[in-house]
Amino acid sequence: MTTEHGSDRGTERNPGANGKPPEKVAGTIVVERVTHQEVPAICALYKKVVETQPGGLPVELLKGWTPTPLEFTSWMEGVTYFVARRDGRLIGSVGCEVRHGACQLVHLVVDPEFRRQGVASALLGTAVEWARRANAAVVWVDPLAKLTAAVGLLKQLGFSEVGVLHKHMWAEDVRVFERQI
Ligand SMILES: CC(C)(COP(=O)(O)OP(=O)(O)OC[C@H]1O[C@@H](n2cnc3c(N)ncnc32)[C@H](O)[C@@H]1OP(=O)(O)O)[C@@H](O)C(=O)NCCC(=O)NCCS
């Protein structure tokens, strides 16, 4: 399954300094299933995201988000991963796991250089479509409450907040969001 998401949102999103024209971000966002050849690139993306995250996140979480190629290959056994590319560069990823007719989204990341350009929205659009075809009735995701960008994204994409699990992961609150599909 390949989805193309025409997007030049970067043109509007990154206004240049000193009144210069905004930096133009070329290319369409393409979302596809990850291939085994891309495992090193996806591990490099997770590492970059973790290294650029602001402080305050549990070290266990950060460690869990930096798989080795071997670890990521084992993640792929139970989870369907989609990646986003622009101009051939891998810039985002999300995993989808269907259990009991519900699809959980895991390990959603976007390259910090390409944020607020619709990359996560494109990934989640494809993930929701994939979940629908897999006969899931709902898509759900449980970000740490501290991940405010993820919370903003999920609300923007029409997910409803259905609960908070207090001190659920490494003593951090977790917010639970779902979207009926
Ligand atoms: C969360 C994350 C995946 C969002 O990726 P993204 O590609 O920048 O998201 P999009 O461009 O598709 O954003 C769509 C909308 O989500 C909301 N949103 C995205 N980032 C936001 C932020 N930092 N603050 C508030 N709202 C935000 C906005 O409504 C945005 O629309 P707008 O840009 O028109 O205002 C990215 O910030 C990231 O990788 N964060 C670190 C890892 C993480 O938190 N993963 C989620 C685990 S569940």
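As a starting point, this report considers the structure included with it. Model, not experiment: these values are computed from the prediction. (Residues numbered from 1 in each chain as written. Predicted model: local features only at pLDDT ≥ 70, side-chain atom pairs only at ≥ 80, totals over all residues.)

Once that is clear, we can look at the overall build of the protein. Counting its regular elements, the protein contains 6 helices and 8 strands. For the protein, the N- to C-terminal ordering of α and β elements is β-α-β-α-α-α-β-β-β-α-β-α-β-β. For the protein, with 181 residues in total, the buried portion stands at 27%. (Helix = DSSP H or I, 4+ residues; strand = E, 2+ residues; numbered from the N terminus. Buried ≥ 20, exposed ≤ 12 C-beta atoms within 10 Å, placed from the backbone.)

On to the site of the ligand, then. Looking at the ligand, there are 20 residues lining it, with R115, A120, S121, A149 and G152 nearest. A per-element tally of the shell around the ligand places helix α6 (residues 148–156) first, with 6 residues. When its residues are assigned to classes, the shell around the ligand shows 12 nonpolar, 6 polar and 2 charged. (Near = placed C-beta within 6 Å. Nonpolar A, V, L, I, M, F, W, Y, C, P; charged D, E, K, R; others polar.)

Here we come to unusual backbone geometry. Even without being a glycine, H107 presents a positive backbone phi close to 55 degrees. In this structure H107 comes out as partly exposed when scored by C-beta crowding, with 18 C-beta atoms within 10 Å. Here the phi dihedral of R116 falls at roughly 60 degrees; this positive angle occurs in a residue that is not glycine. A residue is classified by how many C-beta atoms lie within 10 Å of it, and R116, with 14 of them, is partly exposed.

Strands sit in the order β1-β2-β3-β4-β5-β6-β8-β7 across an open sheet of 8 strands; the sheet is mixed. The strands lining the two open edges of the sheet, one partner per strand, are β1 (2–5) and β7 (160–169). Across the sheet, the axes of successive neighbouring strands diverge by a mean angle of 25 degrees, strand direction being ignored. Two elements, strand β4 (residues 89–99) and strand β5 (residues 102–110), share 7 bridges in a ladder whose sense is antiparallel. Considered in β5, the bridge of C96 is made with L105. Together, β3 (80–86), β4 and β5 form the strand contacts of helix α2 (residues 39–52), whose direction differs from that of β4 by roughly 95 degrees. (Pairing = 2+ DSSP bridges. Axes fitted to C-alpha atoms, helices over the stretch in contact; angles between N-to-C directions. Contact = placed C-beta atoms within 7 Å.)

The turn linking β4 back onto β5 is made up of 2 residues, and H100 within it adopts a positive phi angle of 55 degrees. Between β5 and its parallel partner strand β6 (residues 138–141), the chain crosses via helix α5 (residues 119–133), and the hand of that crossover is right-handed. (Right-handed = clockwise from strand over helix to strand, strands pointing away.)

Before going further, it helps to spend a moment on the packing of α2 against helix α4 (residues 69–78). In the contact formed by α2 and α4, the axes pass within 9 Å of each other and the chain directions differ by 105 degrees. As summarised for this structure, α2 and α4 are arranged roughly perpendicular, according to the angle between their axes. Contacts between α2 and α4 pair V39, P40, I42 and C43 from the former with P69, F72 and T73 from the latter. By residue class, the composition of the contact of α2 with α4 is 6 nonpolar, 1 polar and no charged. (Parallel < 35°, antiparallel > 145°, perpendicular 65-115°, else oblique.)

Time to look at the environment of M1. Residue placement: M1 occurs in the segment before β1. Taking the C-alpha atoms as reference, M1 lies 8.2 Å from V31; in sequence the two are 30 residues apart. Leaving out residues up to four positions away in the same chain, M1 has contacts with R33, T126 and W130.

In terms of nonpolar packing, the biggest core is built from 37 residues, with F82, A84, V94, V119, L123, A127 and A131 touching the most fellow members. Among the elements of the structure, β2 (29–33), α2, β3, β4, β5, α5, β6 and α6 are those that each provide at least two residues to this core. It is α5 that provides the largest number of residues to this core, a total of 9 residues. Apart from the residues within four sequence positions on either side, F82 is in contact with V31, E32, R33, V34, S93, V94, L123, T126 and A127. (Core = buried A, V, L, I, M, F, W, Y, C linked by C-beta atoms within 7 Å.)

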